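Overview (structure and organization)
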Amino acid sequence: MTPRSVLIVGESLAGTTAARELRALGHTGPVTIIGAEPHGAYSRPPLSKAVLRDPGADDALFQDLDGLDIHIVRSAATAADTSRRTVTTTDGREFRYDALIIATGAEARRLAAPGRRGELVLRTLDDARLLRSRLETAASAIVVGAGFLGMEVAGACAARGVPVTVVDVHRPLERILGGYLSAALTARAEAYGISCVQTFGFAVPTGDPVRGVMLPGGTELTADLVVTCAGETPCTDWLAGTGLAGQLGVGIDETCATAVPGVFAAGDVTHLRADDIGPDRRAPFWSNAVAQGKVAAASALGLAPTGTPYDDYFWTEVAGLALKVVGPLPLTGEPTTVEGSVENGRALLTWKRPDGPSTVVAYGMRKPIKALRALAEAGEHSASR
Amino acid sequence: MQISVDHARCEGHGLCADQAPEVFSLDDDAELTYHFDGADVPDEHRSAARVAVNVCPVAALRVLP
Ligand SMILES: Cc1cc2nc3c(=O)[nH]c(=O)nc-3n(C[C@H](O)[C@H](O)[C@H](O)COP(=O)(O)OP(=O)(O)OC[C@H]3O[C@@H](n4cnc5c(N)ncnc54)[C@H](O)[C@@H]3O)c2cc1C
Ligand code: SF4
């Protein structure tokens, strides 16, 4: 293995996983991570769950890279020059690399007109702290977007006794989890104190500071807090002029290689380029960032990756109920109930597919990934037990 | 190298066991077992164990200084 200097941009899950993997693969050459956040690396999933409820949860989020001999630079990357193989940071420094791993993730999409104050989003620890403190005094909240993040934020509002309305053109979680789970989860959410409103067009934040949303029919809803949970935008401004990034982020192949030699990418900043399995697609989830961080590290060292750049494990929390999912999404139609019942809030469900792996959902049930995977692979067989 | 496990925080995802099956395992109810409790993680499993600590989404695992 030739000693090469590896530069990672983005100090979060994909970046730190890549850094660890470089060392695990025996790389002894220089590794530098450039990160924009003063806090360093921390885990995001708890931000919309435990952190909104309990200030004590903050301390346990941080991840360290001790003992791995990694040079950490805390200053945002502002430009990359892929022919000279350099990256420049806000503080004016320039870093050379032999291999570059792009892991700058994504930022929250905002809906309010630029310059309008008061629209809340949730992506960073600072966002979570601000929202948590606002929840202390708020008498009402509106969440725009009934996807995973929106439903988690709404659940936190309700758990803290703040009446909350979620607005979306789709029914809660329907786009990904399908009609069956959406109906069950919406009923649960309503009983938990979350009011779900389906609109026939996009809601637009109103006021400055933002204090409401205008619905397509001309009705305005107002609340003390408006939290936009309308997806994320890959952080690629610093790659301007390199041709590496488009609307969906940085395109990668099975080896996490980009279109430019010596440049790899991992995590929420990426999309998988179209292949035999499907079209260009983003999958901005935890397990994917881990899988891609590892693959990108191997590729950066010129080794053949041992894993794939995707992992279909996903979990979320809806109105206090834990949901764990393994297998392809979106879901359509009715599942087979393997164990328990959805009505009782505890069930193991499978969606069979004629031509491939099933999707398995642990609904309010503690099941490890391995058990879910075994069931997904066994498909037909276990599901009919 | 030793690892501390915060069992109260653990949500039983099993991502740690995916990364380091020799170090962590989960039973059918997703209760976590750490195989080297009170002992040093053997050299050959250290880097996998570090990756496992990194991937736990609720930071229930810590490498002790
Ligand atoms: C509130 C919330 C809850 C979530 N819950 C779940 C969940 O329950 N289950 C699940 O599977 N996934 C969940 N996710 C998604 C999961 O957290 C992400 O998939 C994961 O964080 C992706 O890691 P990443 O390293 O690719 O990107 P990120 O975590 O976005 O990190 C990218 C890092 O790069 C930095 N950066 C950006 N631009 C620059 C620059 N120019 N220079 C230097 N650094 C830069 C950013 O500051 C950031 O620190 C959640 C996400 C959020 C926000
Ligand atoms: S990854 Fe974390 S939460 Fe999941 S089983 Fe391991 S320790 Fe528990």
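Report follows, based on the coordinates.

What counts and what doesn't
- Residues numbered from 1 in each chain as written.
- Chains lettered and ligands numbered in written order.
- Predicted model: local features only at pLDDT ≥ 70, side-chain atom pairs only at ≥ 80, totals over all residues.
- Heavy atoms only, no water.
- Helix = DSSP H or I, 4+ residues; strand = E, 2+ residues; numbered from the N terminus.
- Rg over C-alpha atoms; globule rule 2.2 N^0.38 Å.
- Buried < 20%, exposed > 50% of the residue type's maximum accessible area, 1.4 Å probe, protein only.
- Areas by Shrake-Rupley, 256 points an atom, 1.4 Å probe, with all protein chains shown as cover.
- Near = heavy atom within 4 Å.
- Polar contact = N/O pair within 3.5 Å; in protein donor to acceptor, adjacent residues only side chain to side chain.
- Nonpolar A, V, L, I, M, F, W, Y, C, P; charged D, E, K, R; others polar.
- Domains from an automatic or database assignment.
- 1 Å grid on protein atoms, 1.4 Å probe; cavity = no way out; pocket = protein on both sides within 12 Å on 5 of 7 lines; lining within 4 Å.
- Sits in = over half its atoms within 2 Å of the grid points.
- Axes fitted to C-alpha atoms, helices over the stretch in contact; angles between N-to-C directions.
- Parallel < 35°, antiparallel > 145°, perpendicular 65-115°, else oblique.
- Contact = heavy atoms within 4.5 Å.

Quick notes on the overall build of chain A
For chain A, the helix and strand inventory stands at eight helices and 25 strands. Relative to the 2.2 N^0.38 estimate, which gives 21 Å for 385 residues, the radius of gyration of chain A is 22 Å and therefore close to what a compact globule would have. With the C-alpha coordinates aligned to their principal axes, the bounding extent of chain A is approximately 60 × 55 × 40 Å. Buried residues in chain A amount to 54% of all 385 residues. When the accessible surface of chain A is summed, it comes to about 16,100 Å², and 52% of that surface belongs to carbon and sulfur atoms.

Some remarks on the site of ligand 1
Residues and elements named next belong to chain A. Near ligand 1 lie 35 residues; those nearest to it are Ser-12, Glu-37, Arg-44, Lys-49 and Arg-123. At 2.7 Å, a side-chain N or O of Glu-37 approaches an oxygen atom of ligand 1. Broken down by class, the residue content of the shell around ligand 1 amounts to 21 nonpolar, seven polar and seven charged. Mapped onto the domain boundaries, the shell around ligand 1 takes at least three residues apiece from domain 1 (6–107 + 232–300) and domain 2 (110–228).

So, the site of ligand 2
Residue and element names in this part refer to chain B. In the vicinity of ligand 2, the contacting residues are Cys-10, Glu-11, Gly-12, His-13, Gly-14, Leu-15, Cys-16, Leu-26, Leu-32, Cys-56, Val-58 and Leu-61. In a pocket analysis with a 2 Å cut-off to the grid points, ligand 2 is assigned to the second largest cavity. Residues of the shell around ligand 2, tallied by class, amount to eight nonpolar, three polar and one charged.

Regarding the packing of helix α1 (residues 13–24) of chain A against helix α2 (residues 46–55) of chain B
Where α1 of chain A meets α2 of chain B, the axes come as close as 10 Å, and the angle between the chain directions of the two elements is 175°. Taken as axis vectors, α1 of chain A and α2 of chain B run roughly antiparallel relative to one another. Each of Leu-13, Thr-16, Thr-17, Arg-20, Glu-21 and Ala-24 of chain A in α1 of chain A lies in contact with α2 of chain B, whose residues at this interface are Ser-47, Arg-50, Val-51 and Asn-54 of chain B. Here the residues of the contact of α1 of chain A with α2 of chain B are counted per class, giving three nonpolar, four polar and three charged.

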